[in-house]
Amino acid sequence: MTDRQLTVTGSNSTRQFAQSSIRSLHSVHKKRDGEFLDGLGGLEMIQSSITPLNSVAKKASMIWVVDDDPELRQMVGTYLIDQGYDVRCLSDVKQLEARLEFQRPDLIVLDLMMPGDNGLTALRRLRDAGDDLPIVMLTARGEGIDRIIGLEQGADDYLAKPFLPRELSARIEAVLRRRSSIPAGTPLAEGGDVMFGENQFDLSARTLLREGKPVVITSGEFSLLAAFVQHPHRPLSRERLIELARGPGSDTDSRSMDVQVSRVRKLVEPDPARPRYIQTVWGYGYVFVPDGEPRSRA
């Protein structure tokens, strides 16, 4: 089954084909003891005991797919199972928050627009509570403003419908990779501890302290701050920052990177409106200045 056949849109015109795609996927697998279950008040649970088509086994990271479209949930869930993930599917924010009371996934794929509390509301609650759980947001809207709002609220990545399941899988892998290791393309720092102002950033422990108090930092924010502190006093273009923080081949655009820089400034700057440590290089990008001294624009 090809990605072209499995393009996800969530629209009525593709649901019939999505269902046939799911049947085709199931026909090439031999289930052991996993199946689509319905429990906990309608909560769908997709068990990852289907034998993956991949020849190389993956660690079974747990992924939750939260979307109000049942056909989309089933199709995306089936594809991710095929990629070796342990998948749970939920239909709304209420189910998500109820399940988070007793279980925690490695990553959530969260739809932006749902009846009742939407994905942005759920994301905001998690971040306000100090939870840095990795989140990839989905939406039927392709406008840049929706992507920016999601990133401003702390999403680790964003994918607009229609999308290829392979692209979603790649985004998930990239976020999990950033969470588990130093971001792709960045050199390892000796010692791992960087002090600047009232901030203490530990690359090895993946922690940020400000005035001695822990600061919640998402995987995307960590990757970007790591790129900065490992290149002090070196102006970095937005394109270079994307490569360092997101990895080669990322489709993150310059505006999204500006949003991420703004979020990191809020974490480390005494006054984000007048940044001392992450300064703007006009017409080029940004530079990390550990001593906070102002730079000339010349």
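For the structure, check the block above.
Before going into details, it helps to say that this report is about the structure given with it. (Residues numbered from 1 in each chain as written. Predicted model: local features only at pLDDT ≥ 70, side-chain atom pairs only at ≥ 80, totals over all residues. Heavy atoms only, no water.)

1. Observations regarding the overall build of the protein chain
Scanning the protein chain from terminus to terminus reveals 9 helices and 14 strands. The burial tally for the protein chain puts 49% of its 298 residues in the buried class. Taking the contacts inside the protein chain whose residues are at least 6 apart along the sequence as the reference set, 62% of them involve residues at least 24 apart. Summed over its atoms, the accessible surface of the protein chain is roughly 14200 Å², and 49% of this surface lies on carbon and sulfur atoms. (Helix = DSSP H or I, 4+ residues; strand = E, 2+ residues; numbered from the N terminus. Buried < 20%, exposed > 50% of the residue type's maximum accessible area, 1.4 Å probe, protein only. Contact = heavy atoms within 4.5 Å. Areas by Shrake-Rupley, 256 points an atom, 1.4 Å probe, with all protein chains shown as cover.)

2. Quick look at the packing of aromatic side chains
One pass over the structure, following the stated rule, counts 3 aromatic pairs. Measuring from ring centre to ring centre gives 5.3 Å for Phe-196 and Tyr-277, while their planes differ by 70 degrees; the resulting arrangement is edge-to-face. Of this pair, Phe-196 sits in strand 8 (residues 193–196) while Tyr-277 sits in the loop between helix 9 (254–268) and strand 13 (278–281); the two residues are 81 residues apart in sequence, bridging distant segments of the chain. For the residue pair Phe-196 and Tyr-277, the accessibility class agrees, reading buried in each case. (Phe/Tyr/Trp six-rings, centres within 6.5 Å; stacked < 30°, edge-to-face > 60°.)

3. Brief notes about the sheet that holds strand 13
Taken together, the 3 strands give an open sheet; going across it, the order is 12-14-13, and neighbouring strands pair in antiparallel fashion. Each edge of the open sheet is held by one strand with a lone partner, namely strand 12 (236–237) and strand 13. Pairing analysis gives 2 bridges linking strand 12 to strand 14 (residues 285–288), with the strands arranged antiparallel. Bridge pairing links Leu-236 to Tyr-286 in strand 14. In the packing of helix 9 onto the sheet, the strands contacted are strand 13 and strand 14, and the crossing angle to strand 13 comes to about 145 degrees. (Pairing = 2+ DSSP bridges. Axes fitted to C-alpha atoms, helices over the stretch in contact; angles between N-to-C directions.)

4. With respect to the nonpolar core
In this structure, Phe-196, Phe-201, Leu-225, Phe-228 and Ile-278 are the most contacted members of the largest nonpolar core, which totals 27 residues. Counting residues per element, the ones that place at least two in this core are strand 8, helix 7 (219–229), helix 8 (238–246), helix 9 and strand 14. Counting residues in hydrophobic clusters, the runner-up holds 20 residues, among them Val-109, Leu-159, Val-175 and Leu-176. (Core = buried A, V, L, I, M, F, W, Y, C linked by side-chain atoms within 4.5 Å.)

5. Overview of the pairing of strand 10 (residues 207–210)
The pairing of strand 9 (residues 199–202) with strand 10 spans 4 bridges and is classified as antiparallel. If you follow Phe-201 over to strand 10, its bridge partner there is Leu-208. Between strand 9 and the antiparallel strand that follows it, strand 10, lie 4 residues; Arg-206 among them carries a positive phi value of about 60 degrees. In the sheet, strand 10 pairs with strand 11 (residues 213–215) via 3 bridges, with the strands oriented antiparallel. Paired with Arg-210 across the two strands is Lys-213, which belongs to strand 11. Where strand 10 folds back on strand 11, the antiparallel hairpin that results is connected by 2 residues, among which Glu-211 adopts a positive phi of roughly 55 degrees.

6. Some details on the environment of Met-62
Its place among the elements puts Met-62 in strand 3 (residues 62–66). Its relative accessible area of 12% is what places Met-62 among the buried residues. It is 8.7 Å that separates the C-alpha atoms of Met-62 and Ile-108, two residues lying 46 residues apart in sequence. Aside from chain neighbours lying at most four places away, what touches Met-62 is Asp-86, Arg-88, Gln-103, Arg-104, Pro-105, Asp-106 and Leu-107.

7. Topic: the pattern of salt bridges
Evaluation of the coordinates by the stated rule reveals 13 salt bridges. Ionic pairing is found between Arg-127 and Asp-156, a salt bridge with its closest N-O pair at 3.3 Å. Residue Arg-127 is located in helix 4 (residues 119–128), and its partner Asp-156 is located in the loop between helix 5 (144–152) and strand 7 (157–160); the two are separated by 29 residues in the primary sequence. The partner of Asp-258 in a salt bridge is Arg-238, and the shortest N-O contact between them spans 2.7 Å. (Salt bridge = Lys/Arg side-chain N within 4 Å of Asp/Glu carboxyl O.)

8. Observations regarding the sheet that holds strand 9
Paired through their backbone hydrogen bonds, the strands of a sheet run either parallel or antiparallel. One open sheet accounts for 4 strands, arranged 8-9-10-11; its pairing is antiparallel. Edge positions in the sheet fall to strand 8 and strand 11, since each has one partner strand and no second. The sheet shows a mean angle of 25 degrees between the axes of neighbouring strands, direction not considered. Contacts from helix 7 reach strand 8, strand 9 and strand 10 within the one sheet, and its direction differs from that of strand 9 by about 100 degrees. Where helix 9 meets the sheet, it contacts strand 8, strand 9, strand 10 and strand 11, and its direction lies at approximately 50 degrees from that of strand 10.

Geometric descriptors of this kind do not, in isolation, establish any biological role.
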